[in-house]
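Here is what each chain is made of, one letter per residue.
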Amino acid sequence: MKGNMENQQQEKWRTVFLQFLLLAVICLLLGAIDGFRSYVGSYHNGRFWADLTYVMRWDISGWLIWIGFIPLIVWLSRRFPINRNNRLEILQI
């Protein structure tokens, strides 16, 4: 019985870790895409005014910050769901 509970706990933590890893990869990819977009957008009159490593560093770090906020947002959306019946009640807290 105790071994089964430990296996369930390990499986839960494994799932949480994999979800966190997937979230990190998605934010990293979005940051890289955003950084490349910023770098290409910096092209003006034949000159790049921003260095690629500088732009990538800022844009990727900006997206990676969301790793801490997304679980909080998901938890709040599950804790306080908004639907047609309770929209006004939530605003009147």
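Once a new chain begins, its residue numbering starts again from 1 and follows that chain's sequence as written. The predicted nature of this model means local features are confined to residues of pLDDT at least 70 and side-chain atom pairs, given and counted, to a pLDDT of 80 or more, with totals for whole chains, interfaces and linings taken over all residues. No hydrogens and no water enter the side-chain calculation; it runs on all heavy atoms of the structure.

Regarding the confidence of the model for the protein
The pLDDT value tells you how sure the predictor is about a given residue, anywhere from 0 up to 100. Confidence along the protein averages 84 in pLDDT terms, with 87% of residues attaining 70 or more. The helix count covers DSSP runs of H or I at least four residues long, the strand count covers runs of E at least two residues long, and both are numbered beginning at the N terminus. Per-element confidence in the protein is highest for helix α2 (residues 52–64), whose mean pLDDT is 91, and lowest for helix α4 (residues 87–91), whose mean pLDDT is 63.

Some remarks on the packing of aromatic side chains
Only rings of Phe, Tyr and Trp enter the pairing, Trp through its six-membered ring, and a pair is recorded when the two centres are within 6.5 Å. The plane angle decides the type: under 30 degrees is stacked, over 60 is edge-to-face, the rest tilted. Summed over the entire model, instances satisfying the criterion amount to two aromatic pairs. Between Trp66 and Phe69 the ring centres are 5.9 Å apart and the planes differ by 65°, which places this aromatic pair in the edge-to-face class. In this pair, Trp66 and Phe69 are both assigned in helix α3 (residues 66–79), three residues apart and thus about one turn of the helix distant. Here's how the labels work: a residue is buried when its accessible area is under 20% of the maximum for its type, exposed when over 50%, partly exposed in between, all with a 1.4 Å probe on protein chains only. Judged by relative accessible area, which is 41%, Trp66 ranks as partly exposed. Residue class for Phe69 comes out partly exposed when judged on its relative accessible area of 44%.

Side note on a nonpolar patch on the surface
Like-charged residues are merged into a patch within 9 Å and nonpolar side chains (Val, Leu, Ile, Met, Phe, Trp, Tyr) within 5 Å, provided each residue has over 30% relative accessible area and no salt bridge. Areas reported here follow the Shrake-Rupley algorithm with a probe of radius 1.4 Å; residue values treat only the protein chains shown as occluding. By salt bridge we mean one thing: a side-chain nitrogen of Lys or Arg within 4 Å of a carboxyl oxygen of Asp or Glu. Taken together, the side chains of Ile65, Trp66, Phe69, Leu72, Ile73, Trp75, Leu76 and Phe80 present a nonpolar region at the surface, about 830 Å² in accessible area. Within the fold, Ile65 resides in the loop between α2 and α3.

Re the environment of Gly35
With respect to the helices and strands, the residue Gly35 is situated in helix α1 (residues 2–41). The spacing of Gly35 and Gly62 is 27 residues in sequence and 9.9 Å in space, taken between C-alpha atoms. Each residue touching Gly35, except ones within four places of it in the same chain, is listed here: Val55, Met56 and Asp59. Residue contacts are defined here by distance: any two heavy atoms, one from each residue, within 4.5 Å place the two residues in contact.

Observations regarding the side chain of Ser38
Here Ser38 shows up in helix α1. Those residues within four positions of Ser38 in sequence are excluded, and the remaining contacts are Val55 and Asp59.

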